[in-house]
Amino acid sequence: MPKVIFVGSDGPEYTVDATVGDSVMAAAVKNGVPGIVAECGGNQSCATCHVWVREEFVPLVGPPGDMEDDLLDLAVAERRDTSRLSCQIRVTQELGGLTVDIPPEQP
């Protein structure tokens, strides 16, 4: 089972077991990771699961799609080149160890 590491804005790390095929957001919600609000439940209609993907994982997760790109413009926290909605990142074995930073604010 791949692990996903969430780093909170104030420093704590949360390492969770993630199920292949689930979204990174679902792994966070199932494990009670603070800061991932997931208001729309992964329906790609809000930006409350915004994360910053660590540089070494950007090639593995790929770029955001058009709709996700538009939603990231609405995020409360700073948009970065590595910004993604965690609901749009599917967990794979290759993503084991994926590390994402949680912005200090979500909408």
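It should be noted that the structure appears before, not after, this text.
Here's what I pulled together on the structure shown here. The structure displayed is predicted, hence computed values, not measured ones. (Residues numbered from 1 in each chain as written. Predicted model: local features only at pLDDT ≥ 70, side-chain atom pairs only at ≥ 80, totals over all residues. Heavy atoms only, no water.)

**Things to note about the overall build of the protein**
Next up, step 1: The secondary structure content of the protein amounts to three helices and five strands.
Next up, step 2: When its helices and strands are written in sequence order, the protein yields β-β-α-β-α-α-β-β.
Next up, step 3: The globule rule puts the C-alpha radius of gyration for 107 residues at 13 Å, and the 12 Å found for the protein is close to it.
Next up, step 4: By its C-alpha atoms, the protein is 35 × 25 × 25 Å across when sized along the principal axes.
Next up, step 5: In the protein, which comprises 107 residues, the share counted as buried stands at 47%.
Next up, step 6: Sequence-distant contacts, at least 24 apart, represent 64% of the contacts inside the protein between residues at least 6 apart.
Next up, step 7: For the protein, the accessible surface area stands at approximately 5,400 Å², while carbon and sulfur atoms represent 48% of it.
Next up, step 8: Across the protein, the mean location of the 7 positive side-chain charges is 5 Å away from that of the 17 negative side-chain charges. (Helix = DSSP H or I, 4+ residues; strand = E, 2+ residues; numbered from the N terminus. Rg over C-alpha atoms; globule rule 2.2 N^0.38 Å. Buried < 20%, exposed > 50% of the residue type's maximum accessible area, 1.4 Å probe, protein only. Contact = heavy atoms within 4.5 Å. Areas by Shrake-Rupley, 256 points an atom, 1.4 Å probe, with all protein chains shown as cover. Lys, Arg positive; Asp, Glu negative; His and termini not counted. Charge placed at Lys NZ, Arg CZ, Asp CG, Glu CD.)

**A short note on the state of the cysteines**
Here, disulfide denotes a covalent bond that connects the sulfur atoms of two cysteines.
Next up, step 1: The final tally for this structure, using the stated rule, is zero disulfides.
Next up, step 2: This cysteine, Cys40, is not joined by any disulfide, and Cys46 carries the nearest cysteine sulfur, 3.5 Å off.
Next up, step 3: Left without a disulfide partner, Cys87 is nearest to the cysteine sulfur of Cys49, which lies 3.8 Å away.
Next up, step 4: Judged by its relative accessible area of 3%, Cys87 is buried. (Disulfide = S-S within 2.5 Å.)

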